[in-house]
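As a plain string of letters, each chain reads:
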Amino acid sequence: MIRARELWAVLEAVHDVTYFTPQARAAHEAAGLRGFWRGYVATRAAPLGAVTLGPVVAAFHNFAPSFLARTVPAIWAVVPPEQALTARLAGAVTALREHLPGLDREPLAEVVSVLWRIVRSASWEGRPLGAANADLPEPEDPVAALWLATTALREHRGDGHVAVLVAEGIGGLEAHVLRDAADGSRDLVLPHRGWTDDEWSAAHARLVERGLVADGLTEEGRRLREHIERRTDELAAQAYAAATEAELARVDAVLRPLAKRLAGGAVPYPNPVGAPAP
């Protein structure tokens, strides 16, 4: 369980070049995805196919539906999912190689082998974004294969996190408000998820009524957040059972220095994604 959380921070940094680097944004825009959030929504949703708004709202969970509706489903008439996927992968690979000089000299083959064994053996039930990425063909290019494996496992964890939140009756906006009560992240998150101030206030009132927040987290709110994070770790850990502890330690040893080089430069911290720095 601890290993699953440690690796999440590392894999997240590799995945997040998709959103925050100029190389990735240039690839998205060249494909016709103008603007940061249009590129984000379209490339992240593209593994699901040309879906309508409803499945994207459900899978993304913590974005305002009106915010997502600016992109889907209209974007598929401009940039089909297959084209968005090509741009997503090309941009991420270019970003990784440019921000990590010498990356191709790293022992990527052994790391990729372990990660793809994990991807292929993981349970994808109830994990739509993770399953859609895992279903894509493994690229021959080792950097591309590394990026896609980290992406599938990142979404595996994210899908599990959403499942826990839903089971606890915490909607997407409530999740942000609950986090803000713990770490004051409102100003970082609110502009990037499309919710209004009135909607935020209403969600806050609902959590107050449940006894989860007051001036910050209540004791019950703190316990709930700890439970959510612990259960998310437990659900994520299932995937890593396909690898030995020695193999996972080796993956960590190879990728963590690379993730640290990405952190703060290619990938800003803190950021709206909410992942801890590696």
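Scroll up to find the structure.
The structure presented is a predicted model; accordingly, all values stated were derived computationally and were not measured.

Cut-off values and rules
Think of each chain on its own: its residues are numbered from 1, step by step along the sequence as written. Local features in this predicted model are restricted to residues of pLDDT 70 or higher, and side-chain atom pairs are both shown and tallied only at a pLDDT of 80 or more, whereas totals for entire chains, interfaces and linings draw on every residue. To get the side-chain values, all heavy atoms of the structure are used, and hydrogens and water are removed first. The pocket and cavity definitions rest on a 1 Å grid over protein atoms only: a 1.4 Å probe that fits but cannot leave marks a cavity, an open set with protein on both sides within 12 Å along at least five of seven lines marks a pocket, and residues lining either have an atom within 4 Å of a point. Grid points are joined across faces, edges and corners, and a volume is the space filled by probe spheres set on the points. Here a strand is any run of E in DSSP of at least two residues, a helix any run of H or I of at least four, and the numbering for each starts at the N terminus. Polarity classes work like this: nonpolar for Ala, Val, Leu, Ile, Met, Phe, Trp, Tyr, Cys and Pro, charged for Asp, Glu, Lys and Arg, and polar for all others, with Gly in that last group. Type-normalised accessible area, obtained with a 1.4 Å probe on protein chains alone, sets the label of each residue: buried when under 20%, exposed when over 50%, and partly exposed for intermediate values. The contact criterion used throughout is that any non-hydrogen atoms of two residues lie within 4.5 Å. Geometry of aromatic contacts follows a simple scheme: Phe, Tyr and Trp rings, the Trp one being its six-membered ring, pair when their centres are within 6.5 Å, and the pair is stacked under 30 degrees between planes, edge-to-face over 60, tilted otherwise.

Some thoughts on the layout of surface pockets
At step 1: If you add up the space inside the largest pocket, you get close to 840 Å³.
At step 2: Looking at the lining of the largest pocket, the elements with two or more residues in it are helix 1 (2-15), helix 4 (36-45), helix 5 (53-60), helix 11 (142-167), helix 12 (172-183) and helix 15 (219-237).
At step 3: For the lining of the largest pocket, the leading source of residues is helix 11, giving eight residues.
At step 4: When grouped by side-chain class, the residues that make up the lining of the largest pocket number 16 nonpolar, seven polar and 12 charged.
At step 5: In this structure, the second largest pocket is lined by Leu85, Thr86, Arg88, Leu89, Leu136, Pro137, Pro139, Trp147 and Leu148.
At step 6: Among the residues making up the lining of the second largest pocket, the classes are represented as seven nonpolar, one polar and one charged.

With respect to the side chain of Thr21
At step 1: Mapped onto the elements of the fold, Thr21 is located in the loop between helix 2 (17-20) and helix 3 (22-30).
At step 2: Assessed through its relative accessible area of 1%, Thr21 is described here as buried.
At step 3: Those residues in contact with Thr21 that lie beyond four places of it in its chain are Ala95, His99 and Ala266.

Structural notes on the packing of aromatic side chains
At step 1: This structure, assessed with the given rule, holds 11 aromatic pairs.
At step 2: Judged by centre distance (6.2 Å) and plane angle (35°), the ring pair of Phe20 and Phe36 falls under tilted. Of the two residues, Phe20 is situated in helix 2 and Phe36 in helix 4; the sequence distance between them amounts to 16 residues.
At step 3: Using a relative accessible area of 16% as the deciding quantity, one classes Phe20 as buried.
At step 4: An angle of 25° between the planes, with centres 5.9 Å apart, marks the rings of Phe63 and Phe67 as stacked.
At step 5: A residue is classified by how much of its surface remains accessible, and Phe67, at 7% relative accessible area, is buried.
At step 6: In this structure an aromatic cluster arises from ring pairing among Tyr19, Phe20, Phe36, Trp37, Tyr40, Phe60, Phe63 and Phe67.

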